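# Breakdown of the fold
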Amino acid sequence: MNHATDQTRHQDRVWSVAEHLEDVLSKIAPLDPIELQILEAQGCVLVEDITVPVALPPFDNSSMDGYAVRAADVEGATEEAPVALTVIGDVAAGSGELPEVGPGQAARIMTGAPLPPGAEAVVPVEWTDGGTGEGPAAAMRAHSAAPQDAAGQVRVHRPAAAGAHIRARGSDVTEGEPALRAGTVLGPSQIGLLAAIGRGTVKVRPRPRVVVMSTGSELVQPGEALGPGQIHDSNSFQLTAAARAAGAIPYRVGAVADDAETLRSTLEDQLIRADILVTSGGVSVGAYDVVKETLTALSAEDGTVEFRRLAMQPGKPQGFGLIGPDRIPLLALPGNPVSSYVSFELFVRPAIRALMGLPEVHRPTTPARCTDAIASSPKGKRQFLRGSYDADAGTVTPVGGAGSHLIKAMAHANALIIVPEDTTEVAAGAEVDVVLLG
């Protein structure tokens, strides 16, 4: 068999969704780790084990606003027979020099402040008169308004056992204990833990830089008036938002006219800042499908982009390969808005998450009862219909029709209903698998 015949047969091949996705992911390697400031590392995958350098909390501290006391001094305190203690000063959060609490004494203490020496418990201010000589206090008076409350006497109305209302040193984590393991995705609480143990930077796999561009001479920017035969560019905005939602750092290039030379120069300019390139439009069989034309020419020089027919609806035409000296992954998606978005969810999003080194790259899939019948689905193609999924009821309702231009229906969907290749219709009430988009 000669090379030309083999190439023609390869181009005539119809790929399944799974085969195309497997090929994409087989050519994606996680990005090299870098050191980032902890806020910049949010959403990234940790590549180092983190241990606790100092115990948390690093010292015994109060969990209440109140009075630091010796337990024996307040053992028999009641509201009818309160115990009077001498107030020897204030202990605020961040205090360095601490007064020593002796027998019959108390130090007024704030939440988070270190426990002064000699004290064994904290009595909440609500269990005292707050130094006013009256009934139970609701709160401490401000120091600026009543400086005398840092001295004088306080009457305690209830006992407090040793250790009461004290957060002991190391009660959260002890020194040397594992804090976070490599492979952890850093969310807000993990960022907070890193800050609490004094880590300003961490080593992570960075968020991929995703360059998004639409193609088509008919495309006009939102906010601009439409001329004859023109439409607003929605794809580059939709796909940029989708890339951001997937965890990437997106760069929207916008619409590029149907001119091969312009597209080529734009692609070459963007390679320097891209970990992955995403185009939409121009991948079908029309005379003005310049993405296909341009990338085929680039592949002959420095790349491996292939254009394929997939057994799916929407999204039959797809392109994928590596271009440029750094072999940057490029996914060329169809131009119809729904086709483009469905293709992004099925192929680009997993690629982005694979670059991040995330443990799970796929959207969750769950079974659901389809409330409405699906009258027809093309045999031999895997169909993805927009759906509204109700988690409480375990149901999904088709939204809009099957047309790949129905972007309003996509905006009202939170799931994709999967109709397998060998299924041509779905009865109302039948179980289907759905891809959850939210």
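Shown above is the structure to which this text applies.
A few points on the structure.

Attention shifts here to the overall build of the protein chain. Looking only at helices and strands, the protein chain features 8 helices and 27 strands. The C-alpha atoms of the protein chain give a radius of gyration of 32 Å, which is well past the 22 Å a tight globule of 438 residues would have. A principal-axis box enclosing the C-alpha atoms of the protein chain has dimensions of 100 × 50 × 50 Å. With 438 residues in all, the protein chain has 45% of them scored as buried.

On to the sheet that holds strand 3 (residues 45-46), then. Across a sheet, strands are paired by hydrogen bonds formed along the backbone, either parallel or antiparallel in direction. Across the sheet, which stays open at both edges, the 3 strands sit in the order 2-13-3 with antiparallel pairing between neighbours. Both outer strands of the open sheet, strand 2 (34-37) and strand 3, are each paired with one neighbouring strand and no more. As judged from the 4 bridges shared by strand 2 and strand 13 (residues 201-205), these two strands associate in the antiparallel manner. Counterpart to Glu35 in the pairing with strand 13 is Lys203.

This paragraph deals with helix 4 (residues 235-245). Three or more residues of helix 4 are buried, namely Asn235, Ser236, Gln238, Leu239, Thr240, Ala242 and Ala243. Turning to helix 4, the residues buried within the fold contact strand 14 (209-215), strand 17 (249-256), strand 18 (276-280), strand 22 (328-333), helix 7 (337-355) and helix 8 (407-411).

This part covers the nonpolar core. Formed by 42 residues in total, the largest nonpolar core has its most connected members in Val210, Met312, Leu331, Phe344, Phe347 and Ile352. For this core, the element with the highest residue contribution is helix 7, accounting for 11 residues. Ile352 has contacts with Pro208, Val210, Ala243, Ala246, Ala248 and Phe344, leaving out every residue within four places of it along the chain.

Let us now look at unusual backbone geometry. Glycine aside, the phi torsion of most residues is negative, and most peptide linkages are trans. Look at the link from Leu56 to Pro57: it is a cis peptide, with omega at -10°. For Pro57, the location among the structural elements is in the loop between strand 4 (50-51) and strand 5 (61-62). With an omega of -5°, the peptide bond running from Gln313 to Pro314 counts as cis. Mapped onto the secondary structure, Pro314 falls in the loop between strand 20 (312-313) and strand 21 (317-323). With a phi angle near 60°, His165 is a residue other than glycine that sits in the positive phi range. As for its placement among the helices and strands, His165 is situated in the loop between strand 10 (153-156) and strand 11 (166-167). For His165, a relative accessible area of 24% gives the class partly exposed. Positive phi, normally seen in glycine, also occurs at Arg327, with a value near 55°. Within the secondary structure, Arg327 sits in the loop between strand 21 and strand 22. Looking at Arg327, the relative accessible area reads 35%, which means it is partly exposed.

Bringing the packing of helix 2 (residues 17-26) against helix 7 into the picture now. Here helix 2 crosses helix 7 at 30°, and the two axes come no closer than 10 Å. If you check the angle between helix 2 and helix 7, you find them roughly parallel. In this structure, the crossing between helix 2 and helix 7 has a hand that is right-handed. Between helix 2 and helix 7, the residues in contact are Val17, His20, Leu21, Val24 and Leu25 and Leu346, Phe347, Pro350, Ala351 and Ala354, respectively.

Criteria and thresholds
- Residues numbered from 1 in each chain as written.
- Predicted model: local features only at pLDDT ≥ 70, side-chain atom pairs only at ≥ 80, totals over all residues.
- Heavy atoms only, no water.
- Helix = DSSP H or I, 4+ residues; strand = E, 2+ residues; numbered from the N terminus.
- Rg over C-alpha atoms; globule rule 2.2 N^0.38 Å.
- Buried < 20%, exposed > 50% of the residue type's maximum accessible area, 1.4 Å probe, protein only.
- Pairing = 2+ DSSP bridges.
- Contact = heavy atoms within 4.5 Å.
- Core = buried A, V, L, I, M, F, W, Y, C linked by side-chain atoms within 4.5 Å.
- Axes fitted to C-alpha atoms, helices over the stretch in contact; angles between N-to-C directions.
- Parallel < 35°, antiparallel > 145°, perpendicular 65-115°, else oblique.
- Left-handed = near helix turned anticlockwise from the far one by under 90°.

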